[in-house]
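# Structure assessment
This is what each chain is made of:
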Amino acid sequence: MRIPSFDHDDYWELVSAEERHAESPDSFWIPTRSERESLKIGQTAKLLFEIESENEEGEVERNVERMWVVVSEIDSPYYIGRLANKPATVDEHEDFYLQLGVEVPFKAEHVIDIDQPPAEFLEKFFSEQPKGIWPRV
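Below: a short report on this structure. (Residues numbered from 1 in each chain as written. Predicted model: local features only at pLDDT ≥ 70, side-chain atom pairs only at ≥ 80, totals over all residues. Heavy atoms only, no water.)

## Some words on the environment of Val60
For clarity, the threshold we go by: Helix numbering and strand numbering both begin at the N terminus, where a helix is a DSSP run of H or I of at least 4 residues and a strand a DSSP run of E of at least 2. Note on contacts: a residue pair is in contact if any heavy atoms of the two residues lie within 4.5 Å.
Mapped onto the elements of the fold, Val60 is located in strand β3 (residues 60-75). A sequence separation of 48 residues divides Val60 from Ala108, and the C-alpha atoms of the two residues are 29 Å apart. Those residues in contact with Val60, other than ones at most four positions away along the chain, are Glu52, Ser53 and Glu54.

In structure tokens form, the structure reads like this:
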């Protein structure tokens, strides 16, 4: 399995939370390595997505969005999460993979926060099929 990158996935990639934390350890907190390596199906993980988009002047810029994914599969050291947010910098009508409900692969190094959503949310969320399936190659 591969992690999203600008080289292979037009317009977006994941940012390493570990690198961000190393750059600013006093102001950029992340969960412990142990917590990030022991996620369970149904937990949510917040990740950093760097996304290319055009600004109002038509210039390409990169912005980082913090978004939650619901862990749906574990293939250590990889996780598959389904995006639980709508990216703010992406028009949902564009032909762009990164949309609410798509699968996103990630590793422990990408996790900036962890939470446990209510059972009702998970039941509804998992009752729907993913909007996009990530290749398992």
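## Observations concerning a nonpolar patch on the surface
In plain terms, the rule: A patch consists of residues whose relative accessible area exceeds 30% and which take part in no salt bridge; residues with like charges are grouped when within 9 Å of each other, and nonpolar side chains (Val, Leu, Ile, Met, Phe, Trp, Tyr) when within 5 Å. Shrake-Rupley sampling with a 1.4 Å probe provides the accessible areas, and residues are treated as covered by the protein chains on show and by no other component. Between Lys or Arg on one side and Asp or Glu on the other, a salt bridge is scored when a side-chain nitrogen of the former is within 4 Å of a carboxyl oxygen of the latter.
Together, Ile41, Ile74 and Phe126 make up a nonpolar patch on the protein surface, roughly 260 Å² of accessible area in all. Here Ile41 shows up in the loop between α2 (33-37) and β2 (44-54).

## A short note on the pattern of salt bridges
As a reminder, the rule being used: Exposed residues in this analysis have more than 50% of their type's maximum accessible area, buried residues have under 20%, and partly exposed residues fall in between, with area computed by a 1.4 Å probe over protein chains only.
Evaluated as defined, the whole model comprises nine salt bridges. With a closest N to O distance of 3.7 Å, Lys131 and Glu128 form a salt bridge. Judged by relative accessible area, which is 57%, Lys131 ranks as exposed. Relative accessible area serves as the criterion here: at 35%, Glu128 is assigned to the partly exposed category. One salt-bridge network, held together by shared partners, links Glu18, Arg33, Arg36 and Glu37.

## A look at the side chain of Asp9
One can find Asp9 in the segment before β1 (12-15). Assessed through its relative accessible area of 9%, Asp9 is described here as buried.

## Digging into the environment of Lys86
In this structure, Lys86 sits in the loop between β4 (78-83) and β5 (103-106). Distance from Lys86 to Gly101, taken between C-alpha atoms, is 8.6 Å for residues 15 residues apart in sequence.

## Considerations on the packing of aromatic side chains
To be explicit about the condition: Working definition: a ring pair exists when centres of Phe, Tyr or Trp rings (six-membered ring for Trp) sit within 6.5 Å. Plane angles under 30 degrees give stacked, over 60 give edge-to-face, the rest tilted. Only Lys NZ and Arg CZ are tested; either one counts as a charge over a ring when it is within 6 Å of the ring centre and within 35 degrees of the ring normal.
Per the stated rule, a full pass over the model turns up eight aromatic pairs. For the ring pair Tyr79 and Phe106, a centre distance of 5.2 Å and an interplane angle of 20° mean the geometry is stacked. Linking Tyr79 in strand β4 with Phe106 in strand β5, this pair joins segments that are 27 residues apart in sequence. For Phe106, a relative accessible area of 0% puts it in the buried group. Feature note: the residues Trp12, Phe49, Tyr97 and Trp134 constitute an aromatic cluster, connected by ring pairs. Here Arg62 stacks its cationic end above the ring of Phe6, 3.6 Å away from the centre of that ring.

None of the figures reported here should be taken as evidence of function without further support.
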